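Secondary and tertiary structure notes
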Amino acid sequence: MTEYYFALYLSYSECLDYYHGKYKSVQVTEDGGKTVRFDAYHLRPFISSLGIRGRFRLTLTSENQFLKLEKIS
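Since the structure is predicted, the reported quantities are computational estimates derived from the model, not experimental observations. (Residues numbered from 1 in each chain as written. Predicted model: local features only at pLDDT ≥ 70, side-chain atom pairs only at ≥ 80, totals over all residues. Heavy atoms only, no water.)

With respect to the overall build of the protein chain
When helices and strands are tallied, the protein chain shows one helix and five strands. Expected size for 73 residues packed as a compact globule is a radius of gyration near 11 Å; at 12 Å, the protein chain falls within 12% of this value. Taking the principal axes of its C-alpha atoms as reference, the protein chain extends roughly 35 × 25 × 20 Å. The buried share of the protein chain, taken over its 73 residues, is 32%. (Helix = DSSP H or I, 4+ residues; strand = E, 2+ residues; numbered from the N terminus. Rg over C-alpha atoms; globule rule 2.2 N^0.38 Å. Buried < 20%, exposed > 50% of the residue type's maximum accessible area, 1.4 Å probe, protein only.)

Listed below in structure tokens is the structure:
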């Protein structure tokens, strides 16, 4: 298992583009500087009226398959 920690701040209008499928994936830079990409639909549970704001933990299997995305603060 591999874990990546990152902060994500998107406005509500930016989130709508992801929610409606305009973008298929999200690319973030994790705390160690590595670029990580995952399917955008994993963000849907975290969208609020403010958009997405916070720190997240992305967990992947040892084969780099998505396992879970959690908001940690």
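Following the structure, the description resumes.
Digging into the packing of aromatic side chains
Summed over the entire model, instances satisfying the criterion amount to four aromatic pairs. On the numbers, 6.0 Å between centres and 40° between planes, the contact of Phe 6 with Phe 38 is tilted. With Phe 6 in strand β1 (residues 2-10) and Phe 38 in strand β3 (residues 35-39), this pair connects stretches of sequence that are 32 residues apart. Of the two residues, Phe 6 and Phe 38, neither departs from the other in class, the shared state being buried. When the ring of Phe 6 is compared with that of Phe 56, the centres are 5.8 Å apart and the planes differ by 20°; the resulting orientation is stacked. Of this pair, Phe 6 sits in strand β1 while Phe 56 sits in strand β4 (residues 52-60), and the two are 50 residues apart along the sequence. The burial state of Phe 6 is the same as that of Phe 56; both residues are buried. (Phe/Tyr/Trp six-rings, centres within 6.5 Å; stacked < 30°, edge-to-face > 60°.)

Some details on the nonpolar core
Formed by 17 residues in total, the largest nonpolar core has its most connected members in Phe 6, Leu 8, Phe 38, Leu 43 and Leu 58. For this core, the elements supplying multiple residues, two or more each, are β1, α1 (12-19), β2 (25-29), β3 and β4. Once residues lying within four places of it in the same chain are set aside, the contact partners of Phe 38 are Phe 6, Lys 24, Ser 25, Val 26, Val 28, Leu 43, Leu 58 and Leu 69. (Core = buried A, V, L, I, M, F, W, Y, C linked by side-chain atoms within 4.5 Å. Contact = heavy atoms within 4.5 Å.)

What to know about the side chain of Thr 61
Looking at the secondary structure, you find Thr 61 in the loop between β4 and β5 (66-71). Relative accessible area serves as the criterion here: at 18%, Thr 61 is assigned to the buried category. Among residues more than four places away in sequence, those in contact with Thr 61 are Met 1, Thr 2 and Leu 67.

Thoughts on the pattern of salt bridges
In this structure the tally under the stated criterion is two salt bridges. Two residues, Asp 31 and Arg 55, come together in a salt bridge whose shortest N-O distance is 2.5 Å. Highlighted residues: Asp 31 in the loop between β2 and β3 and Arg 55 in strand β4, separated in sequence by 24 residues. Ionic pairing is found between Glu 70 and Arg 57, a salt bridge with its closest N-O pair at 2.9 Å. Residue Glu 70 is located in strand β5, and its partner Arg 57 is located in strand β4; the two are separated by 13 residues in the primary sequence. Under the relative-accessibility criterion, Glu 70 is labelled partly exposed at 23%. (Salt bridge = Lys/Arg side-chain N within 4 Å of Asp/Glu carboxyl O.)

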